[in-house]
Amino acid sequence: MILQSLVEYYEILRQKDKDGTVPPPGYSPAKVSYALELSPEGELLGVLSLRVKQQRGKKEVEAPQVLVVPEQDTRAVNIHPYFLCDNSGYLLGLDKKGKPARTAACFAAARDLHRSVLEGTSSPAGKAVYQFFTRWDPALAKGHPVLAEYLDELTGGGSLVFTFGGRFVQEDPAVKAQWEQWRASHSESPQMQCLVTGQEAPVAVLHPKIKGVRGAQSVGASLVSFNAPAYESYGRSGGQGLNAPVSEYAAFAYGTALNWLLSDWHHHCQVGDTTVVYWAADPNPQFVDLFNTMMGNIEGEEDPDHLLAELFAHVERGDPVARDLSLSTPFYVLGLAPNAARLSVRFFLQSDFGTMVKNIHRHYRDLAIERAPYEREYLTLYWLLRETVNPNARDKAPSSSMAAATLRAILMGGPYPEALYESVLLRVRAEQDNTERRTHKITRGRAAIIKACLLRKPQGALYREVLTMSLNKEYSGKEPGGQAYVLGRLFAVLEKAQLDANPGINTTIKDRYFTSACTTPAAVFPTLLMLAQHHISKARYGYYSDQQIGDLLDKLEVDNRPYPKHLTLEEQGLFILGYYHQVKARYGKANSADKNTDDGRED
């Protein structure tokens, strides 16, 4: 399905392509630095720079221009010339590699190729190239007056093309027709049924290189390859691509489409070490723009919260999210990761666009939790995954497999991975509040992740009364998991009593006892309650804390239900959530309408 979807997208690109940037079969894009201007007799008249200025960060640099040229397939250390576009070693017999014999062999191979393709051509441009390779002497190249000014740049490794009469030779219709005819007649690929199109066609022995995946080789990596007998089918020994026959057209189409997607930042983003590529089975750019908005891939000064709120308001009302956009259009998301000279497929997700929009909306609803006024309303995937890593670590990349599984859960509406939930619990246990480093044990993001993960667990329905956006004061705590939630609330009240008694204290019970209270309450809470009596007697408004503690102990019914010796992972999450809700309720009362507080005063 991956290759088939990419082939279909290539055909969509070709249909909407008006400026010729998407190459047809037999052609490929190439970065070209210079053009060699020829006379009708094949003499070298001049050298033209094709470099264009590009903004890279704060600097403006000159970069090669991307042109569509005759296909340039994979070339390793073997001598393999390209037609009409190659480096100076092949087109001029001149380079800086210090191997004159090899350079001469490269030029000879290029000369034979061009004379073979252009034999008998009627095109003036084709004749000029034919005559150039007939007359050019590499031994005299260094002393040629036209090359003297550009000698260092030409031999620097960049690609060169030919121009004739102010036009690129590779764009001449007669030359293109001759190249396509020569290419078809020289194909040695066997005819087999293509696994992608189902048609009998020449099979691609080597598949195209895919460029643009972060961490992969700069020259490109293979999505489909067979490089050892262990991976080959019976009777296909040495055939490489014949083990899974894909036609030359299908291989070219999927490679071109994937490389095009990876060259456009609108169509891909980074999640951990996985490059995520996405596209719709429709040329309308609004699909990708909306997907980027929902996933937080927004550039510019626009407020992402405002954009998301506006978009999801349409979803909730059942209104169209955009004009002329069909929600039944198939949408694809492909995750690729580097693996030496190859690419690993982390995931491939497909659904109609409307379903993905609803799943992403549900994801943000599940994450919704009370927050500070300065915090963003919507936690995007990037910030969620940051909650799972050590903020003091040099490498802040999240687990690759966990990141991929989390994205899958968001887009497909399934349960979040256990690794996400456990990573958050691990960070809560490991970290302490530190004002100087701006780190916090329990953050809004971690509480939101715990809430969302518990909601989507099979037993999540049992906890719905407390898996809310803010504190549920009326919750009795008698339901499954309720005792843990109330214990979390109680811990927050005990901490507040200590802070009232000792304003500005450096180390609180949260720093010393939170992890133990969250995992083994029976061993900690009796001690905390004894400490609380001292804090209550010392604080000015201690009787309010005493009243709160009494109310929560009534909910716990400790006489009938002793403190649990151990809390399960789910109960630990409920404990943290109860603590977070109680703390936020404490700080939120100053802005509440009735100005009432649990402890009878404003904080």
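About the thresholds
- Residues numbered from 1 in each chain as written.
- Predicted model: local features only at pLDDT ≥ 70, side-chain atom pairs only at ≥ 80, totals over all residues.
- Heavy atoms only, no water.
- Helix = DSSP H or I, 4+ residues; strand = E, 2+ residues; numbered from the N terminus.
- Rg over C-alpha atoms; globule rule 2.2 N^0.38 Å.
- Buried < 20%, exposed > 50% of the residue type's maximum accessible area, 1.4 Å probe, protein only.
- Contact = heavy atoms within 4.5 Å.
- Areas by Shrake-Rupley, 256 points an atom, 1.4 Å probe, with all protein chains shown as cover.
- Lys, Arg positive; Asp, Glu negative; His and termini not counted.
- Charge placed at Lys NZ, Arg CZ, Asp CG, Glu CD.
- Core = buried A, V, L, I, M, F, W, Y, C linked by side-chain atoms within 4.5 Å.
- Pairing = 2+ DSSP bridges.
- Salt bridge = Lys/Arg side-chain N within 4 Å of Asp/Glu carboxyl O.
- Axes fitted to C-alpha atoms, helices over the stretch in contact; angles between N-to-C directions.
- Parallel < 35°, antiparallel > 145°, perpendicular 65-115°, else oblique.
- Nonpolar A, V, L, I, M, F, W, Y, C, P; charged D, E, K, R; others polar.
- Phe/Tyr/Trp six-rings, centres within 6.5 Å; stacked < 30°, edge-to-face > 60°.
- Disulfide = S-S within 2.5 Å.
- Expected span 1.5 Å × (residues − 1).
- Arc of directions from axis to C-beta.
- pLDDT = per-residue confidence, 0-100.

Trainee: Sorry, what's going on with the overall build of the protein chain here?
Mentor: Scanning the protein chain from terminus to terminus reveals 19 helices and 16 strands. Against the globule reference of 25 Å for 603 residues, the protein chain gives a C-alpha radius of gyration of 33 Å, more extended than a compact globule. Dimensions of the protein chain along its principal axes, counting C-alpha atoms only, are 105 × 50 × 50 Å. Looking at the protein chain residue by residue over its 603 residues, the buried ones come to 49%. When contacts within the protein chain are restricted to residue pairs at least 6 apart in sequence, long-range pairs at least 24 apart make up 67% of them. Split by element, the accessible area of the protein chain, about 29700 Å² in all, is 49% carbon and sulfur. Side chains of the protein chain give 66 positive and 69 negative charges; the mean places of these two sets differ by 5 Å.

Trainee: What is the right way to look at the nonpolar core in this model?
Mentor: If you look at soluble globular proteins, the nonpolar side chains tend to sit buried side by side. V333 and F525 are the most contacted members of the largest nonpolar core, which has 93 residues in total. With nine residues, the single largest contributor to this core is helix α15 (residues 482-501). Those residues in contact with V333 that lie beyond four places of it in its chain are V276, V277, Y278, F291, F347, F348, L349, M356 and L411.

Trainee: I keep staring at the pairing of strand β13 (residues 268-271) and nothing clicks. Help me out?
Mentor: Of the two faces of β13, the one holding C269 and V271 is buried and the one holding H268 and Q270 is not buried anywhere. Pairing between β13 and strand β14 (residues 274-280): four bridges, direction antiparallel. Across the sheet, V271 pairs through a bridge with T274, a residue of β14.

Trainee: Please explain the pattern of salt bridges as it appears in this structure.
Mentor: Inspection of every chain in the model, using the stated rule, returns 14 salt bridges. Between R111 and D112 there is a salt bridge whose closest N-O contact spans 3.9 Å. Given the relative accessible area of 48%, D112 is considered partly exposed. The salt bridge partner of K496 is D500, with a shortest N-O separation of 2.7 Å. Here K496 and its partner D500 are both found in helix α15, four residues apart, which amounts to about one turn of the helix. Salt bridges linked by common partners bring E387, R427, E431 and R446 together as one network.

Trainee: What am I meant to see in the packing of helix α10 (residues 353-367) against helix α12 (residues 400-412) here?
Mentor: For any two helices packed against each other, the geometry is given by the interaxial angle and the distance between the axes. Two elements in contact, α10 and α12, have axes separated by 6 Å at closest approach and are oriented at 110°. With respect to α12, the element α10 is oriented roughly perpendicular. Contact residues: α10 offers M356, N359, I360 and H363, while α12 offers I410, L411 and M412. When its residues are assigned to classes, the contact of α10 with α12 shows five nonpolar, two polar and no charged.

Trainee: Help me understand the packing of aromatic side chains, please; the structure alone is not making it clear to me.
Mentor: Aromatic ring pairs: the centre-centre distance and the angle between the two ring planes describe each pair. Considering all chains together, one arrives at 32 aromatic pairs under this definition. Seen from their ring centres, F514 and Y579 are 5.2 Å apart, and the 75° between their planes marks the pair as edge-to-face. Remark: Y579 occurs in helix α19 (residues 569-588) and F514 occurs in helix α16 (residues 509-519); sequence separation between them is 65 residues. Classification of F514 by relative accessible area gives buried; the value is 1%. You can call Y579 buried: its relative accessible area is 4%.

Trainee: Help me understand the state of the cysteines, please; the structure alone is not making it clear to me.
Mentor: A complete count under the given rule lists zero disulfides for this structure. In this model C85 remains outside any disulfide bridge; the closest cysteine sulfur is found in C106, 15 Å from its own. Left without a disulfide partner, C269 is nearest to the cysteine sulfur of C453, which lies 20 Å away.

Trainee: Sorry, what's going on with helix α18 (residues 542-556) here?
Mentor: Note: α-helices contain 3.6 residues per turn, so residues at a spacing of three or four share the same orientation. For α18, spanning 15 residues, the distance from its first C-alpha to its last is 21 Å, which sits close to the expected 21 Å at 1.5 Å a residue. Buried within α18 we find G542, Y544, S545, Q548, I549, L552 and L556. All buried residues of α18 project into a common sector of 160° when viewed along the axis, lining one side. Note on α18: the residue one or two positions beyond its end, E557, has a positive phi of about 50°.

Trainee: Looking at this structure, how should I read the confidence of the model for the protein chain?
Mentor: Parts of the model with low pLDDT should not have their predicted coordinates read in detail. With 96% of its residues at a pLDDT of 70 or more, the protein chain shows a mean pLDDT of 88. Between residues 592-603, whose pLDDT stays under 50, and residues either more than four places distant or in other chains, the model counts 22 contacts.

Trainee: How should the packing of helix α1 (residues 2-16) against helix α7 (residues 248-263) be read in this particular structure?
Mentor: Where α1 meets α7, the closest approach of the two axes is 8 Å, and the angle between their N-to-C directions is 75°. With respect to α7, the element α1 is oriented roughly perpendicular. Counted together, L3, L6, V7, Y9, Y10, E11, L13 and K16 of α1 and Y249, A250, F252, A253, Y254, T256, A257, L258, W260 and L261 of α7 form the full contact between these two elements.

Trainee: Please clarify how the environment of R115 should be interpreted in this entry.
Mentor: If you trace the backbone, R115 turns up in helix α3 (residues 100-117). The spatial distance from the C-alpha of R115 to the C-alpha of V288 is 46 Å, given a sequence separation of 173 residues.

Trainee: For this particular structure, what's the right way to read unusual backbone geometry?
Mentor: Across the chain, the bulk of peptide bonds are trans and the bulk of non-glycine residues have phi less than zero. With a phi angle near 70°, L84 is a residue other than glycine that sits in the positive phi range. Despite not being glycine, A340 shows a phi value in the positive range, around 60°. Its place among the elements puts A340 in the loop between β15 (330-339) and β16 (342-352). According to the relative accessible area criterion, A340 is exposed, its value standing at 58%.

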